[in-house]
Amino acid sequence: SSRSLPTMRLRNSGVAPATFGCTYCHNDPTRTGTMKTAFGPFDSRFPGKSATLNSAYAQDQVRVAEVFFGTVGARRDDHSRFGQADTYRVTAAFLIAATCTKLKGTYGTGFKAPTLYQLYSEFGNRGLEPETSVGWDAGFEQSLAGGALALGLVYFQNRFKDLIDYDFGTNA
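In this numbering scheme, every chain counts its residues from 1 along its sequence in written order. This being a predicted model, a pLDDT of at least 70 is required before a residue's local features are given, and a value of 80 or more before pairs of side-chain atoms are given or counted; all residues contribute to the totals for chains, interfaces and linings. Note: side-chain values were computed over all heavy atoms of the structure, leaving out hydrogens and water.

## Re the overall build of the protein
- Every helix listed is a DSSP run of H or I at least four residues long, and every strand listed is a run of E at least two residues long, numbered separately from the N terminus. When helices and strands are tallied, the protein shows 1 helix and 11 strands.
- Partly exposed describes any residue whose relative accessible area lies between the buried limit of under 20% and the exposed limit of over 50%, with all areas from a 1.4 Å probe on protein chains only and scaled to the type maximum. Per-residue burial over the protein gives 23% buried out of 172 residues.
- Residues count as neighbours in contact if any of their non-hydrogen atoms are within 4.5 Å of one another. Excluding contacts between residues fewer than 6 apart, the proportion of contacts in the protein whose partners are at least 24 apart in sequence is 45%.
- Carbon and sulfur atoms provide 58% of the accessible area of the protein, an area that totals close to 11,600 Å². Under the convention used here, a 1.4 Å probe and the Shrake-Rupley method define accessible areas, while residue burial counts only the protein chains that appear.

Listed below in structure tokens is the structure:
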């Protein structure tokens, strides 16, 4: 079962909204012994296996004089099998009004624990570790024809550690 608990949005001095929230997700395919799917019921393939993920997050936006825009966000995940992980994201954009040019960039981190299926199915790998990532991008947008068109260019890079992927050639 998965449940998102209430998300709160607050105004910080009327400048931009702040968001806070938390989620709870518990996967226990053996709770009833039989899983019901669109293809009919079947017995669980993962006896005695379960996982729980609790998360809390916060994000705030900043806007200064319609020239600078930014976002800062953070999240803490607490996974029953893989422990705690903290991730964050920072964004910034700067508008040069005289030329209608926007310079922008982001930097962030990520965390994804393997699912029970990825660990214990016939295609799974019990040795999987959580996937982590770091990514960033930088670019610009140029408004053209009085705002009717926009041209943009962005360079990005993502680096993954313990990437969780499926190889159709080996079915693993």
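Don't stop here, the text continues.
## Re the packing of aromatic side chains
- Any two of the Phe, Tyr and Trp rings considered here, Trp counted by its six-membered ring, make a pair once their centres fall within 6.5 Å; the pair's planes then place it as stacked at under 30 degrees, edge-to-face at over 60, or tilted in between. Within this structure, the stated rule accounts for 3 aromatic pairs.
- Centroid distance Trp-136 to Tyr-155: 5.5 Å. Interplanar angle 50 degrees. Geometry classified as tilted. Here the residue Trp-136 occupies a position in strand 10 (residues 131–144), and Tyr-155 occupies one in strand 11 (residues 149–161), the gap between them amounting to 19 residues.
- For Trp-136, a relative accessible area of 32% corresponds to the partly exposed category.

## Concerning the nonpolar core
- Among buried residues, the Ala, Val, Leu, Ile, Met, Phe, Trp, Tyr and Cys ones that are joined through side-chain atoms within 4.5 Å form a nonpolar core. Judged by nonpolar contacts, Phe-46, Ala-51, Leu-116, Leu-119 and Tyr-120 together constitute the single largest core of 5 residues.
- Ranked by residues supplied to this core, first place goes to helix 1 (residues 116–120) with 3 residues.

## Some thoughts on a nonpolar patch on the surface
- Distance thresholds for patches are 9 Å for like charges and 5 Å for nonpolar side chains (Val, Leu, Ile, Met, Phe, Trp, Tyr), applied to residues having over 30% relative accessible area and no salt bridge. For this document, the term salt bridge refers to a Lys or Arg side-chain nitrogen within 4 Å of an Asp or Glu carboxyl oxygen. A grouping of Val-72, Tyr-88, Val-90, Tyr-107, Val-134, Trp-136 and Tyr-155 is seen on the molecular surface, where their side chains present a nonpolar patch of about 630 Å² in accessible area.
- As for its position among the elements, Val-72 is in strand 7 (residues 68–79).

## Section: the pattern of salt bridges
- Taken as a whole and assessed by the stated rule, the structure comprises 4 salt bridges.
- For the salt bridge of Arg-76 with Asp-86, the shortest nitrogen-to-oxygen distance reads 2.6 Å. Taken together, the positions of Arg-76 in strand 7 and Asp-86 in strand 8 (residues 83–96) put the pair 10 residues apart, joining distant regions of the chain.
- For Arg-76, a relative accessible area of 38% puts it in the partly exposed group.
- One salt bridge connects Glu-141 with Lys-104, and the closest N-O pair in it is separated by 2.7 Å. Separated by 37 residues along the polypeptide, Glu-141 in strand 10 and Lys-104 in strand 9 (residues 101–112) bring together distant segments of the chain.
- Among the residues examined, Lys-104 registers a relative accessible area of 26% and is labelled partly exposed.

## Thoughts on the side chain of Gln-142
- Note on placement: Gln-142 falls in strand 10.
- Looking at Gln-142, its side chain comes within polar contact range of the main-chain oxygen of Cys-100, at 3.5 Å.
- Excluding anything up to four places from it in sequence, Gln-142 contacts Thr-99, Cys-100, Thr-101, Leu-149, Ala-150 and Leu-151. Side-chain atoms alone can form a polar contact between residues adjacent in sequence; in general such a contact is a pair of N or O atoms within 3.5 Å, and within protein one must be able to donate a hydrogen while the other accepts it.

## Remarks on the environment of Lys-102
- Looking at where Lys-102 falls in the secondary structure, it is placed in strand 9.
- A C-alpha to C-alpha distance of 6.5 Å links Lys-102 and Gln-142, two positions 40 residues apart in sequence.
- Each residue touching Lys-102, except ones within four places of it in the same chain, is listed here: Ala-93, Phe-94, Leu-95, Gly-139, Phe-140 and Glu-141.

## A few points about the environment of Phe-140
- Here Phe-140 shows up in strand 10.
- Here the alpha-carbon distance between Phe-140 and Leu-103, two residues 37 residues apart in the chain, equals 4.4 Å.

## Observations concerning the pairing of strand 10
- For two strands to pair, DSSP has to find at least two bridges joining them. Both strand 9 and strand 10 contribute to a ladder of 12 bridges, which runs antiparallel. When the bridges of strand 10 are listed, Gly-110 appears paired with Ser-133.
- Pairing between strand 10 and strand 11: 13 bridges, direction antiparallel. Looking at the pairing, Ser-133 lines up with Phe-160 of strand 11.
- From the end of strand 10 to the start of strand 11, which pair antiparallel, there are 4 residues, and Ala-145 there has a positive phi angle of about 55 degrees.

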